[in-house]
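Residues per chain are reported as follows:
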Amino acid sequence: MNVQLDLILPPIVIGSLLLLILGLNQMMMESQTGNRLNMEMQTFANTTLLVLQEELRDVHDVLGITDSTLVYNTPNLDTVRIARVGREMHMIRSNISTSLQDTTRYASRLADLRFTLFLLDGVGPAMLRVRVETESTPEQEVGVRTARYRSFAERDFYLRNLDLD
């Protein structure tokens with residue numbers, strides 16, 4: 001009986017150790033990937049706001065605004081339409097003199113893009129609130145998790161040119 005236990009116990013112990021090590025390795029990879037995706041999604045949200053900040057410097061007159069689309073004129077009377085198309089942010093610039101359209105696509109991994117125009121304290125200057133939500137995809141995940149990583153960024157922009165008119 002002693003001889004049989006000596007033959008059986010070492011493979012059981014080694015197998016248990018291998019399962020423990022591989023399980024820990026899987027958990028570490030999922031944690032590492034989760035941290036990277038969380039940081040990456042927040043970076044995409046913040047970068048989208050920075051791009052919008054630069055584009056909104058040229059707002060001369062707001063032509064139309066819905067919760068997910070912003071249309072405005074620039075001082076050159078070009079018409080710019082900003083909207084979410086799929087997971088990208090599209091800026092479609094139409095030149096009034098040449099009738100040409102230029103589309104710029106930003107791979108922002110958007111889940112939602114919201115625009116809200118409001119007056120500060122109800123009577124003050126015109127402000128534009130932009131809310132960006134980004135989300136990871138299943139292909140970016142490690143393992144069989146179904147949870148997605150989401151990040152949010154929100155900023156209020158003072159539209160100075162609207163108050164000068």
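So, how was this worked out
Throughout this description, residue numbers start from 1 for each chain and increase along the sequence as written. At least 70 in pLDDT is required for a residue's local features to be given in this predicted model, at least 80 for side-chain atom pairs to be given and counted, and no such filter applies to totals for whole chains, interfaces and linings, which use all residues. Where side-chain values are given, they derive from all heavy atoms of the structure, hydrogens and water being excluded. Only strands that DSSP links by at least two bridges are regarded as paired with each other. Working definition: helices are DSSP H or I runs of at least four residues, strands are E runs of at least two. Numbering for both runs from the N terminus. The convention used is that axes are lines fitted to C-alpha atoms, helices contributing only their stretch in contact, and that angles between N-to-C directions extend from 0 to 180 degrees. Residues are treated as being in contact if the distance between any of their heavy atoms lies within 4.5 Å. A carboxyl oxygen of Asp or Glu within 4 Å of a side-chain nitrogen of Lys or Arg is what we treat as a salt bridge. Exposure is judged per residue with a 1.4 Å probe applied to protein chains only, and the accessible area is read against the type maximum: over 50% gives exposed, under 20% gives buried, and values in between give partly exposed.

## A closer look at the sheet that holds strand β7 (residues 126–135)
Remark on secondary structure: sheet strands pair via backbone hydrogen bonds, oriented parallel or antiparallel.
Then step 1. Spatially, β6-β7-β8 is the arrangement adopted by the 3 strands of the open sheet, whose pairing is antiparallel. In the strand order of this sheet, the two ends are held by β6 (110–119) and β8 (150–158), each with one partner. Neighbour to neighbour, the strand axes of the sheet diverge by 10° on average, direction disregarded.

## Remarks on the environment of Thr137
Then step 1. Inspection of the secondary structure puts Thr137 in the loop between β7 and β8.
Then step 2. Ignoring anything within four residues of it in the chain, the contact list for Thr137 reads Arg87 and Arg148.

## Considering the pattern of salt bridges
Then step 1. Within this structure, the stated rule accounts for 11 salt bridges.
Then step 2. Its salt-bridge partner being Arg109, residue Glu40 comes within 2.4 Å of it at the nearest N-O pair. Of this pair, Glu40 sits in helix α1 (residues 2–55) while Arg109 sits in the loop between β5 (101–106) and β6, placing them 69 residues apart in sequence.
Then step 3. Given the relative accessible area of 21%, Glu40 is considered partly exposed.
Then step 4. Here Arg93 ties to Glu55 by a salt bridge, and the two come within 2.7 Å at their closest N and O atoms. Of the two residues, Arg93 sits in strand β4 (residues 88–94) while Glu55 sits in helix α1, which places them 38 residues apart along the sequence.
Then step 5. By relative accessible area, Arg93 is classed as partly exposed at 26%.
Then step 6. Because the salt bridges share partners, they merge into one network encompassing Arg129, Arg131, Glu154 and Asp156.

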